[in-house]
Amino acid sequence: MDACCHYVMSTGEELLRSRGLRVTRPRLAVLDVLAGGGHLEVDEITRRVRARLDSVSTQAVYDVLGALSRAGLSRRIEPAGSPARYEARAGDNHHHVVCRGCGEIADVDCATGSAPCLDPNTAHGFEVDEAEVTFWGLCPTCQARRSADD
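Now for a description of the structure that goes with this document.

Procedures and definitions
Residues numbered from 1 in each chain as written. Predicted model: local features only at pLDDT ≥ 70, side-chain atom pairs only at ≥ 80, totals over all residues. Heavy atoms only, no water. Pairing = 2+ DSSP bridges. Helix = DSSP H or I, 4+ residues; strand = E, 2+ residues; numbered from the N terminus. Axes fitted to C-alpha atoms, helices over the stretch in contact; angles between N-to-C directions. Buried < 20%, exposed > 50% of the residue type's maximum accessible area, 1.4 Å probe, protein only.

### Quick word on the sheet that holds strand β4 (residues 95-99)
Thought 1: Taken together, three strands build an open sheet; the order of strands is β5-β4-β6 and the sheet is mixed. For this open sheet the edge positions go to β5 (105-108) and β6 (134-137), each flanked by a neighbour on one side alone. For this sheet the average axis-to-axis angle between neighbouring strands, irrespective of direction, equals 25 degrees.
Thought 2: Direction of pairing for β4 relative to β6: parallel, over a ladder of four bridges.

Written as structure tokens, this is what we have:
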């Protein structure tokens with residue numbers, strides 16, 4: 001195994017196997033990249049995976065991300081006007097805040113401990129297991145930039 005995935009090998013292997021997924025070098029590398037944190041676009045994930053494995057196609061990264069998302073090992077978010085992004089934090093029904101200025105995205109825990117957003121008044125027969133709430137505003141850097149421009 002390449003050094004790229006050495007320290008996450010047992011954890012990555014265990015995660016993949018626990019979800020019924022085959023252990024592959026691209027899957028381990030993508031898990032490693034996502035474990036680094038952030039809300040990453042596919043191009044950035046691909047660039048980081050290539051730095052670890054040298055050769056992997058963009059389509060292979062899309063395939064891995066799809067498998068990881070379906071298995072609950074990653075989460076795909078798509079804020080309005082932005083390409084899809086992926087993160088390792090999945091399954092806890094957290095939300096996001098997006099900067100209108102630079103596009104930075106940060107995690108926001110559910111406003112109350114009971115996740116009231118998962119109990120809509122009318123679910124139309126759906127069994128709701130996740131809600132996507134996106135807060136919009138300006139990050140501290142863009143706020144400072146705006147104040148400097150005034």
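### Observations concerning the environment of Ala-29
Thought 1: Relative to the assigned elements, Ala-29 resides in helix α2 (residues 25-35).
Thought 2: On a C-alpha basis, the gap between Ala-29 and Leu-53 in space is 7.6 Å, while along the polypeptide they are 24 residues apart.

### Focus on unusual backbone geometry
Thought 1: We note that Asp-54 has phi near 75 degrees; this positive angle belongs to a residue other than glycine.
Thought 2: Mapping Asp-54 onto the fold places it in the loop between α3 (42-53) and α4 (58-70).
Thought 3: On the accessibility criterion, Asp-54 (68% relative accessible area) is exposed.

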